[in-house]
Amino acid sequence: FCLMAVPGKVAAFRLPPLPTVGEIIRLFRLKAQKQLSQNFLLDLRLTDKIVRQAGELKNAHVCEVGPGPGGITRSILSAGVEQLLLIEKDARFVPGLQMLSEAAPGKVCIVHGDILTYKMEKAFPKHLKKNWEDEPPDIHIIGNLPFSVSTPLIIKWLENVSQKDGPFIYGRTQLTLTFQKEVAERLTANPGGKQRSRLSIMSQHLCTVENCFVIPGQAFVPKPKVDVAVVHFTPLVQPKIQQPFKLVEKVVQSVFQFRRKYCFRGIETLFPESGRLKRTEQLMMTADVDPTLRPFQLSMSHFRNLCNTYRKMCDEDPSLFAYSYREELRQRKKTRNLLKSTSQPKQTEEENQL
């Protein structure tokens with residue numbers, strides 16, 4: 001459902017005096033739930049700083065993910081946005097957000113729902129749509145994400161970028177999100193960096209990714225064990241690897257499966273056991289990748305060549321893409337266990353006869 005205050009326009013918008021975020025937390029007896037990895041940001045100077053990373057928000061349409069007690073929400077409204085969509089999974093926060101909605105007539109829509117399942121295709125007015133090649137639309141997604149949601153959500157949105165659907169049906173919608181500092185370092189890591197990972201390739205081949213600044217853990221209530229970083233994403237006009245998302249994901253996951261070994265070891269897992277060595281050598285030779293490089297040393301052009309070559313091999317053998325290394329290991333283990341259980345009774349029979 002969507003809650004919206006009575007429409008009304010004001011020339012220069014300013015929030016009226018309101019209880020502080022801390023007072024809202026006390027008023028509605030809100031407590032961060034550990035199982036939802038909730039951490040509140042009460043310092044409005046920091047919430048203002050997060051919102052500034054999104055760019056010019058005057059008259060923009062913004063979706064805030066997981067507003068909680070509404071710290072960042074206040075900063076977004078103070079930036080003079082046209083419309084603000086709040087998506088909050090935890091119903092305990094809705095009354096406090098409704099108070100903010102009433103203080104900004106006609107500007108706020110509150111949706112009690114889960115961002116992982118919410119249909120973003122209809123979240124904004126159609127007239128805001130822009131062509132992919134144009135400048136980004138006047139639409140922004142901002143959020144202080146719970147740690148448990150941040151990685152699956154950014155992977156989901158990166159797939160949306162690849163397919164130009166979800167929040168990217170409107171064009172190259174920009175994202176400004178918080179992550180654990182270590183995750184942010186992975187998202188922005190360069191080749192050779194110790195944090196270079198699957199996330200680095202999946203995000204950087206589709207977006208310009210900027211690690212904006214770090215917020216110390218003690219700024220949050222309750223204090224998390226780690227620091228938090230703010231990351232800004234702008235989808236690229238042309239992805240650096242022009243292959244389907246699932247294919248790129250499969251190649252990248254395989255390469256990083258054995259992170260400390262030579263990249264040859266991970267690339268092997270793209271192929272069934274029969275003919276594995278020959279096909280791996282063929283892929284690496286055609287892609288011009290040194291098999292003794294470690295996964296984190298591979299550049300974006302290495303991954304582009306690997307994905308393009310693997311795609312050609314899949315086109316020649318359509319069963320190849322469906323192959324799963326993990327499934328093959330499971331089946332092998334299952335067969336071994338089956339052989340053990342069937343051979344055991346025979347052994348005892350022979351022993352009895354003896």
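Remember, it's a predicted structure, so these values are computed and weren't measured experimentally.

Before we go on, may I ask you to explain the overall build of the chain in this structure?
From N to C terminus, the chain includes twelve helices and ten strands. Here the chain holds 354 residues, and the buried ones make up 49% of them. Taking contacts inside the chain between residues at least 6 apart in sequence as the whole, the part at least 24 apart equals 71%. Accessible surface, the chain as shown: approximately 18,300 Å² in total, 52% of it carbon and sulfur.

Would you explain the confidence of the model for the chain in this entry?
Low pLDDT means the predicted atomic positions in that stretch should not be read closely. For the chain, per-residue confidence averages 89 on the pLDDT scale, and 86% of positions sit at 70 or higher. Predicted confidence for residues 5–11 stays below pLDDT 50, and this span has twelve contacts to residues more than four positions away or in other chains. Taken as a whole, residues 348–354 scores under 50 in pLDDT and shows zero contacts with residues more than four places along the chain or in a different chain.

What should I look at first to understand helix 4 (residues 94–103) in this one?
Helical geometry: 3.6 residues make up each α-helical turn, so side chains three or four residues apart lie on a common side. The buried fraction of helix 4 amounts to seven of the ten residues, a majority that puts the element mostly inside the structure. Taken together, the buried positions of helix 4 are occupied by V94, G96, L97, Q98, L100, S101 and A103.

Hey, could you run me through the side chain of Q174 in this one?
Relative to the helices and strands, Q174 resides in strand 7 (residues 174–180). Its relative accessible area of 15% is what places Q174 among the buried residues. A polar atom in the side chain of Q174 sits 3.4 Å from the side chain of T234. Discounting residues that sit within four places of it in the chain, Q174 has contacts with A54, P136, I139, H140, I141, H232, F233 and T234.

Looking at this structure, how should I read the nonpolar core?
Most often, soluble globular proteins have nonpolar side chains that are buried together. Among the nonpolar cores identified, the biggest contains 66 residues, and W157, L177, F179, F233, L306 and Y310 are the most heavily contacted of them. For L177, the contacting residues outside a window of four places in its chain are I141, I142, G143, L145, I154, W157, A229, V230, V231 and F233. Grouped together as the second largest cluster of nonpolar side chains are 30 residues, I72, L86, I215 and A219 included.

I would appreciate a short explanation of the packing of helix 8 (residues 245–255) against helix 11 (residues 300–316) in the present structure.
In the contact formed by helix 8 and helix 11, the axes pass within 10 Å of each other and the chain directions differ by 115°. Crossing hand, helix 8 versus helix 11: right-handed. Contacts between helix 8 and helix 11 involve L247, V248, K250, V251, V252 and V255 on the former and, on the latter, F303, L306, C307, Y310 and R311. Residue composition of the contact of helix 8 with helix 11, grouped by class: nine nonpolar, no polar and two charged.

I tried to follow the UniProt feature "binding site: S-adenosyl-L-methionine" (unreviewed entry) in the chain on my own but got confused; where do I start?
Residues annotated in UniProt with the feature "binding site: S-adenosyl-L-methionine" (unreviewed entry) correspond here to N39, L41, G66, E88, D114 and N144. Here G66 falls in the partly exposed class, since its relative accessible area comes to 26%. Those residues in contact with G66 that lie beyond four places of it in its chain are I87, E88 and N144. Mapped onto the elements of the fold, N144 is located in the loop between strand 6 (139–143) and helix 5 (147–163). Setting aside anything within four residues of it in sequence, one finds N144 in contact with N39, V65, G66, I72, T178 and F220. In this structure the side chain of N144 is engaged in a polar contact, spanning 2.9 Å, whose partner is the side chain of T178.

Looking at this structure, I do not really get the pairing of strand 10 (residues 228–235). What am I missing?
In the case of a regular strand, side chains alternate between the two sheet surfaces. The element strand 10 is largely enclosed, with a buried count of eight among its eight residues. The two faces of strand 10 match: V228, V230, H232 and T234 on one face and A229, V231, F233 and P235 on the other face are all buried. Here six bridges tie strand 7 to strand 10, and the two strands are oriented antiparallel to one another. Opposite F179, over in strand 10, you have A229 as the bridge partner. Taken together, the eight bridges between strand 8 (residues 207–215) and strand 10 define a ladder with antiparallel strand orientation. Across the sheet, the residue bridging to F213 is V230, located in strand 10.

Looking at this structure, I do not really get the packing of helix 2 (residues 44–53) against helix 3 (residues 71–78). What am I missing?
Two quantities define a packed helix pair, namely the angle between the helix axes and the distance between the axes. Contact geometry for helix 2 and helix 3: axes closest at 8 Å, N-to-C directions at 60°. With respect to helix 3, the element helix 2 is oriented oblique. Between helix 2 and helix 3 lies a crossing whose hand is right-handed. Residues L44, T47, D48, I50 and V51 of helix 2 form the contact with helix 3, whose participating residues are G71, I72, R74, S75 and I76.

Help me understand helix 8 in this model?
Most of helix 8 is tucked away, with nine of its eleven residues classed as buried. Among the residues making up helix 8, those that are buried are F245, L247, V248, E249, K250, V251, V252, S254 and V255. Looking at the buried side of helix 8, the elements it contacts are helix 5, helix 7 (198–204), helix 9 (263–268) and helix 11.

Rules of the game
Residues numbered from 1 in each chain as written. Predicted model: local features only at pLDDT ≥ 70, side-chain atom pairs only at ≥ 80, totals over all residues. Heavy atoms only, no water. Helix = DSSP H or I, 4+ residues; strand = E, 2+ residues; numbered from the N terminus. Buried < 20%, exposed > 50% of the residue type's maximum accessible area, 1.4 Å probe, protein only. Contact = heavy atoms within 4.5 Å. Areas by Shrake-Rupley, 256 points an atom, 1.4 Å probe, with all protein chains shown as cover. pLDDT = per-residue confidence, 0-100. Polar contact = N/O pair within 3.5 Å; in protein donor to acceptor, adjacent residues only side chain to side chain. Core = buried A, V, L, I, M, F, W, Y, C linked by side-chain atoms within 4.5 Å. Axes fitted to C-alpha atoms, helices over the stretch in contact; angles between N-to-C directions. Left-handed = near helix turned anticlockwise from the far one by under 90°. Nonpolar A, V, L, I, M, F, W, Y, C, P; charged D, E, K, R; others polar. UniProt positions renumbered as here; feature names shortened; annotations may be inferred. Pairing = 2+ DSSP bridges. Parallel < 35°, antiparallel > 145°, perpendicular 65-115°, else oblique.

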